[in-house]
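Here's the letter readout for the chains.
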Amino acid sequence: MTDPTTGTAKLGSGNYLKDRGYADPAEMRVKFLLSNEIALAIEDKALSQKAAAELTCLKQPDISRIANGNVGDYSVWRLMRTLSLLGKDIVIDIHQSSQQQGDINTKIAPAKLAARR
């Protein structure tokens, strides 16, 4: 990463989205995961963007933006709803944290990862 004021290289924090200036990196990580899953669902179903828009009650330009990862203006709920309308189940699993403050993580079911290979 390069410091824009000095032009010298600087070490990143280890959180790419934070280093890129996203106000809420955890939320963006979830949005990017959902948008990627939406794009994959559209591809798996061999849908055109127009057909995907009709199926999800969105406009075609929205499908295009989401599929390309331009999700800053979309809520996590809207993205989850879109993915569910494309036939995907979304499970939210809450556990007691071993630390004082919990963490927000995303993961894809192992069986789904194996099917993609």
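Structure: see above.
Residues numbered from 1 in each chain as written. Predicted model: local features only at pLDDT ≥ 70, side-chain atom pairs only at ≥ 80, totals over all residues. Heavy atoms only, no water.

Visitor: Help me out: how do you make sense of the pattern of salt bridges in this one?
Guide: Opposite charge on two side chains permits them to pair, given that their charged atoms come into close proximity. On inspection of all chains with the given rule, the structure shows three salt bridges. Where Asp62 meets Arg65, a salt bridge forms, and the shortest distance between an N and an O atom there is 2.8 Å. Separated by three residues within a single helix, Asp62 and Arg65 lie in helix H4 (residues 60–67), roughly one turn from each other. Residue class for Arg65 comes out partly exposed when judged on its relative accessible area of 38%. Residues participating in the shared-partner salt-bridge network are Asp62, Arg65 and Arg78. (Salt bridge = Lys/Arg side-chain N within 4 Å of Asp/Glu carboxyl O. Helix = DSSP H or I, 4+ residues; strand = E, 2+ residues; numbered from the N terminus. Buried < 20%, exposed > 50% of the residue type's maximum accessible area, 1.4 Å probe, protein only.)

Visitor: Looking at this model, I keep getting lost on unusual backbone geometry. Mind explaining?
Guide: Most peptide bonds adopt trans geometry, and most residues besides glycine take a negative phi value. Not every positive phi belongs to a glycine, and Ala46 is a case in point at roughly 55°. Secondary-structure assignment places Ala46 in the loop between helix H2 (25–44) and helix H3 (49–56). You can call Ala46 exposed: its relative accessible area is 68%. Residue Cys57 is not a glycine yet carries a positive backbone phi of 60°. Looking at the secondary structure, you find Cys57 in the loop between H3 and H4. Exposure remark for Cys57: the relative accessible area of 70% places this residue in the exposed category.

Visitor: Sorry if this is basic, but what is going on with the nonpolar core here?
Guide: For soluble globular proteins, nonpolar side chains are generally found buried alongside one another. Judged by nonpolar contacts, the single largest core of 17 residues is most densely connected at Leu34, Ile38, Ile42, Ile63, Ile66, Val71 and Leu79. Residue assignment for this core shows that the elements contributing at least two residues are H2, H3, H4 and helix H5 (76–85). With six residues, the top contributor of residues to this core is H2. Setting aside its immediate chain neighbours within four residues, Val71 contacts Met28, Lys31, Phe32, Ser35, Ile66 and Leu79. (Core = buried A, V, L, I, M, F, W, Y, C linked by side-chain atoms within 4.5 Å. Contact = heavy atoms within 4.5 Å.)

Visitor: Which parts of the structure should I look at to understand the packing of H3 against H4?
Guide: The relative placement of two packed helices comes down to the angle between their axes together with the axis-to-axis distance. One can describe the packing of H3 onto H4 by two numbers: an axis separation of 8 Å at closest approach and a directional angle of 105°. When the interaxial angle is binned, H3 and H4 end up roughly perpendicular. Only Gln60, Ile63 and Ser64 of H4 make contact with H3, whose side of the interface consists of Gln49, Lys50, Ala52, Ala53 and Thr56. By residue class, the composition of the contact of H3 with H4 is three nonpolar, four polar and one charged. (Axes fitted to C-alpha atoms, helices over the stretch in contact; angles between N-to-C directions. Parallel < 35°, antiparallel > 145°, perpendicular 65-115°, else oblique. Nonpolar A, V, L, I, M, F, W, Y, C, P; charged D, E, K, R; others polar.)

Visitor: Looking at this structure, I do not really get the environment of Lys45. What am I missing?
Guide: Inspection of the secondary structure assignment puts Lys45 in the loop between H2 and H3. Linking Lys45 and Leu86, residues 41 residues apart in sequence, is a C-alpha distance of 8.5 Å.

Visitor: Hey, could you run me through H2 in this one?
Guide: In an α-helix there are 3.6 residues to a turn, and that puts residues three or four apart on one side. For H2, which comprises 20 residues, the first-to-last C-alpha distance of 28 Å matches the rise-based estimate of 28 Å (1.5 Å per residue) to within 8%. Turning to H2, its buried residues number three or more, namely Pro25, Met28, Val30, Lys31, Leu34, Ser35, Glu37, Ile38, Ala41 and Ile42. Looking one or two places after H2, you find Ala46, whose phi comes out positive at around 55°. (Expected span 1.5 Å × (residues − 1).)

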